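# Secondary and tertiary structure notes
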Amino acid sequence: MPGWSEFAGADYDVGAHDGLGRTGRGGEAVTVMISLRDVSKHFPSSSGNAVNDLSLDINEGELAVLVGPSGCGKTTTMRMINRLIEPSSGEIFVGGSDVMKQDPVMLRRGIGYVIQSVGLLPHRTIEQNIATVPQLLGWDEQRIGARVRELTALLDLDDELLRRYPGELSGGQRQRVGVARALAVDPPVMLMDEPFAAVDPIIRARLQDQFLDIQRRLRKTIVFVTHDIDEAIKLADRIAILNIGAKVEQYAPPEEILRAPASDFVSRFVGAERGLKRLALISVADVEIEPGPVVQRTASQDEARRAMREAGTEWVVVLEGEKLLGWIDWWMMEGGRDVAAVEPREFAAIVTPGSSLRTALDIIVQSRTHVAVVVDNDNGYQGIVTLDRLTAELRP
Amino acid sequence: MTVIAEPFIQWSWIFAHGHEMWTYTLQHLVLTVVPVVAGLAISLPLGILAQRHRRLYNPVIWIAGFLYTIPSLALFVLLIPLTGLSLTPVEIALTTYTLLILIRNIVTGIDEVPAEVVDAATGMGLTRRQTLWRVQIPLAMPAIMAGVRVATVSTIGLVTVGAIIGRGGLGQFITDGLQILFTTEILLGAVLSVLLAVLADAGLLGLQRLITPWTRKALAGATS
């Protein structure tokens, strides 16, 4: 088989997309990376428009999830961005340039592409699969080899897999190779069509976590299509909920969609357990942690009883300096014993500032004290989260 | 009835004609390879075209099928006014016989390449031509090679018949043997022709495995 480079343009720099006059990194100012303007798509075989007058902006470095029922036009929308489907009308800009004015082949080489069934080339080894686009772009062997090794490390793939064929890999491994292949030339933009749908739920959750971790580091601009609202909530910086004809019902961060669904359609689509789904998105560090009833190990019985009375509880947290020792209740001190004379009970479960409020709620409903105790990584006491605090957080 | 008094097979005659056996076998091989390769050269563009433009498929298959139904001997004879009495009409006729099976297998092979693989290839920025030659044709190879094997085996059989109007190949033993009703020679030609067909088939299967290593590996991976 001949080398893959003969059709490639000379050193095509897919990173050259900064034609937008962006206003600084890290600030609030954001650059729009992908822009759809009044885009429609009509298929000759159907009566209505698959995509009807859609306008949508996707910010640089954001993961935007297009979610909606099957047939809503989400995949069609995604496929128009790299011109696998040509729009009937409207304009699409990627990195500031009109995709309709670009050579579709070169456009696609600059955009990472991952599909549900992965679509690895079965007759080429894993290494050759990952190297597909670099070879098309005419990279030299050495650069390709280095990049392949970089990507296998990034996606936690075994080097030994590189010489195998896709048919020899597990579903989860294939999905990761698919992502590695899409990242090969470090494209600023990636399109992903249900990339984790074909694997079982446990593997899917693991792939999602790993992918999120990678995305936090790489900050690609990603258009991600799924029909799974939970996947959307978990991964998205911004979710576009699409109705039939790719009508945008709401386009907002997941937290906002759960807190304030813009229409009945969105409410229905988001489904039951909206409160729990929202709690899963908020971390303990994001809410006000209450100090709670606290005494030092050296405190007297009176001090402990006063702390309980003030907090309206029948128990008190016992600390040694900053460190959490446990808790004691009113009855354990009977007979006039001081705090130091009582062995504090350990909290059955604790949370850290990074835990989600959903985890905190789980602990609250299961614990004897009906609070979730927050500690930092060194077991340093931070405070407590109460049910009242969670309820207040969910109130619109 | 002196013929019957002779032994059915005269081994001494066979051992005395080793040189002809070798020459005729090589001729037979060349007479087979030429129409198969020519058939492939015609079928590949036609098959690709028919696969891509579906409305061409039926006419192409109809013509190839029509050619296939003409009895070989009749076609050999019909071509003689154009080519003279030689092996050329045989080779032309045999080429036309390979078309049906080759075109059909090429189209089926390309059809069976998973749509998502083609989609992924296009989405990564392979041109249509690159997708065809680097993805579709390699993945259609098992089906194409299956067609080549059938075409080769049937051509080996028909080359034997071709010896009736031209000279050369293992059919020579049979036509010569028939003229003097010499069973040893007739049987030798038939047996060597069958042997050649079996060996050619096995050789092509080996070649197919060699050029499609992923099919073996995938199978091994699926069972382990």
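Residues numbered from 1 in each chain as written. Chains lettered and ligands numbered in written order. Predicted model: local features only at pLDDT ≥ 70, side-chain atom pairs only at ≥ 80, totals over all residues.

### Considering the overall build of chain B
For chain B, the helix and strand inventory stands at eleven helices and zero strands. Secondary structure of chain B in N-to-C order comes out as α-α-α-α-α-α-α-α-α-α-α. Summarising its shape, the C-alpha atoms of chain B cover approximately 75 × 50 × 25 Å along the three principal directions. Per-residue burial over chain B gives 35% buried out of 224 residues. Excluding contacts between residues fewer than 6 apart, the proportion of contacts in chain B whose partners are at least 24 apart in sequence is 72%. (Helix = DSSP H or I, 4+ residues; strand = E, 2+ residues; numbered from the N terminus. Buried ≥ 20, exposed ≤ 12 C-beta atoms within 10 Å, placed from the backbone. Contact = placed C-beta atoms within 7 Å.)

### Focus on the overall build of chain A
Broken down by element type, chain A carries 14 helices and 16 strands. Structurally, chain A occupies a C-alpha span of about 90 × 50 × 40 Å along its principal axes. Here chain A holds 396 residues, and 39% of them are scored as buried. Across chain A, contacts joining residues at least 24 apart in sequence account for 62% of those joining residues at least 6 apart.

### Here's the deal with the packing of helix α6 (residues 88-111) of chain B against helix α8 (residues 128-162) of chain B
Residue and element names in this part refer to chain B. Close contact between α6 and α8 brings their axes to 8 Å; oriented N to C, the two are set at 155°. The orientation of α6 relative to α8 falls into the category roughly antiparallel. In the crossing of α6 with α8, the sense of the turn from one axis to the other is right-handed. Here the contact of α6 with α8 is built from residues that sort into 15 nonpolar, nine polar and no charged. (Axes fitted to C-alpha atoms, helices over the stretch in contact; angles between N-to-C directions. Parallel < 35°, antiparallel > 145°, perpendicular 65-115°, else oblique. Left-handed = near helix turned anticlockwise from the far one by under 90°. Nonpolar A, V, L, I, M, F, W, Y, C, P; charged D, E, K, R; others polar.)

### Side note on the interface of chain B and chain A
Counting from both sides, the interface comprises 21 residues of chain B and, opposite them, 21 residues of chain A. Elements represented by at least two residues in the side of chain B that touches chain A include exactly α7 (115-124), α8 and α11 (213-223) of chain B. Looking at which element gives the most residues to the side of chain B that touches chain A, the answer is α7(B), with eight residues. Here the residues of the side of chain B that touches chain A sort into eleven nonpolar, six polar and four charged.

### Points about the sheet that holds strand β1 (residues 32-41) of chain A
Residues and elements named next belong to chain A. Read across the open sheet, the four strands follow the order β2-β1-β4-β5; overall the sheet is antiparallel. Either end of the sheet is taken by a strand with one partner, and the two such strands are β2 (51-59) and β5 (97-98). On the sheet, helix α1 (residues 74-81) packs against β1, β2 and β4 (89-94) and is oriented at approximately 120° with respect to β1. (Pairing = 2+ DSSP bridges.)

### Some points on the environment of A:S356
All names here are of chain A. Along the chain, the position of S356 falls in the loop between β14 (350-351) and α13 (357-366). Through-space distance from the C-alpha of S356 to that of A280 is 5.4 Å; in sequence the pair is 76 residues apart. With near-sequence residues (within four places) excluded, S356 lies in contact with L279, A280, I282 and S283.

### Let's talk about the domain arrangement of chain A
The assigned domain composition of chain A is domain 1 (32-275) and domain 2 (285-394). Just the C-alpha atoms count here: the centres of domain 1 of chain A and domain 2 of chain A sit 45 Å apart. (Domains from an automatic or database assignment.)

### What to know about α6(B)
Residue and element names in this part refer to chain B. An ideal rise of 1.5 Å per residue puts 34 Å on 24 residues; α6 measures up with 35 Å between its terminal C-alpha atoms. By the largest-angle criterion, L99 marks the main kink of α6, which is about 35°. In terms of burial, α6 is largely enclosed, as 20 of its 24 residues are buried. (Expected span 1.5 Å × (residues − 1). Bend = angle between axes of the 7 residues up to and from the residue.)

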